[in-house]
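# Topology and contacts: notes
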Amino acid sequence: VQLQASGGGLVQAGGSLMLSCAASGRTFSGYVMGWFRQAPGKEREFVAHINWSGGSTIYADSVKGQFTISRDNAKNTVYLQMNSLKPEDTAVYYCAADRRYGVTVATMTVDYDYWGQGTLVTVSS
């Protein structure tokens, strides 16, 4: 599986961005998909993940109510809608795929088998 993240950019505080992650491969619909982010000088951290059907999502406490993860299996794409952005949301955002069957929680980087290249989000104050 190859993942291609896009949609990052420069936005003012309070603004919105939608990130997309396009996946290759016919098994995309079976994977848990996640978003992580890594700010300068910090470790990569979990943001959100979504199960294969889109019916179950988990968010980091820091983005609950602010970000929304979704997926379109027909388009092999997962999205991250980011609203009310803050300077502390500045980071490189990565999408990732977890190929384990039946997984319900995947919040650690080691849970994921495939990673996209990252897309930079910069929020100015």
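Numbers given for residues are sequential positions, taken from 1 along each chain in its written order. Where local features are concerned, this predicted model is filtered to residues with pLDDT of at least 70; where side-chain atom pairs are given and counted, the filter is 80 or more; whole-chain, interface and lining totals use all residues. Each side-chain value is derived from all of the structure's non-hydrogen atoms; neither hydrogens nor water enter the calculation.

### Considering the pattern of salt bridges
Using the following cut-off: Between Lys or Arg on one side and Asp or Glu on the other, a salt bridge is scored when a side-chain nitrogen of the former is within 4 Å of a carboxyl oxygen of the latter. For every residue, the accessible area obtained with a 1.4 Å probe (protein chains only) is divided by the maximum for its type, and the residue is called buried under 20%, exposed over 50%, and partly exposed between those limits. Secondary structure counts use DSSP, requiring at least four H or I residues in a row for a helix and at least two E residues in a row for a strand, with both numbered from the N terminus.
The full count for this structure, using the stated rule, is 6 salt bridges. Linking R37 and E45 is a salt bridge whose minimum nitrogen-to-oxygen distance equals 2.6 Å. Under the relative-accessibility criterion, R37 is labelled buried at 6%. Look at E45 and you get partly exposed, because its relative accessible area is 36%. Here D111 makes a salt bridge to R100, at a shortest N to O gap of 3.5 Å. Of this pair, D111 sits in the loop between β9 (91-98) and β10 (114-115) while R100 sits in the loop between β9 and β10, and the two are 11 residues apart along the sequence. Taken together, the shared-partner salt bridges in this structure form one network comprising R37, E45 and D89.

### Concerning the state of the cysteines
Our working definition: Throughout, disulfides are identified as pairs of cysteine sulfur atoms within 2.5 Å of each other.
Scanning the entire structure with this criterion turns up 1 disulfide. Sulfur-sulfur distance for the disulfide between C21 and C95 comes to 2.1 Å. Here the disulfide of C21 and C95 is right-handed, its torsion about the S-S bond being about 65°. In this pair, C21 sits in strand β3 (residues 17-23) while C95 sits in strand β9, placing the two residues 74 residues apart along the sequence. Residues C21 and C95 agree in their burial class; the two are buried.

### What to know about the side chain of D89
Filter applied, for reference: Contacts between residues were defined by any pair of non-hydrogen atoms, one from each residue, lying within 4.5 Å.
Within the element layout of this structure, D89 appears in the loop between β8 (77-82) and β9. D89 sits in the buried class, given a relative accessible area of 2%. In this structure, D89 is in contact with R37, Q66, F67, S84, V121 and V123, ignoring residues within four places of it in sequence.

### Looking at the environment of C21
For C21, a relative accessible area of 0% gives the class buried. Between the alpha carbons of C21 and C95 there is a distance of 6.4 Å; along the sequence they are 74 residues apart. With residues near it in sequence (within four places) discarded, C21 still touches L3, Q4, A5, M33, W35, N76, T77, V78 and C95.

### A closer look at the pairing of strand β1 (residues 3-6)
Remember that side chains alternate between the two faces of the sheet whenever the strand is regular. This is how it is decided: DSSP calls a pair of strands paired once it identifies at least 2 bridges connecting them.
Of the two faces of β1, only one is covered, namely that formed by L3 and A5; the face formed by Q4 and S6 stays uncovered. Alignment of β1 against β3, held across 4 bridges, turns out to be antiparallel. Looking at the pairing, S6 lines up with S20 of β3.

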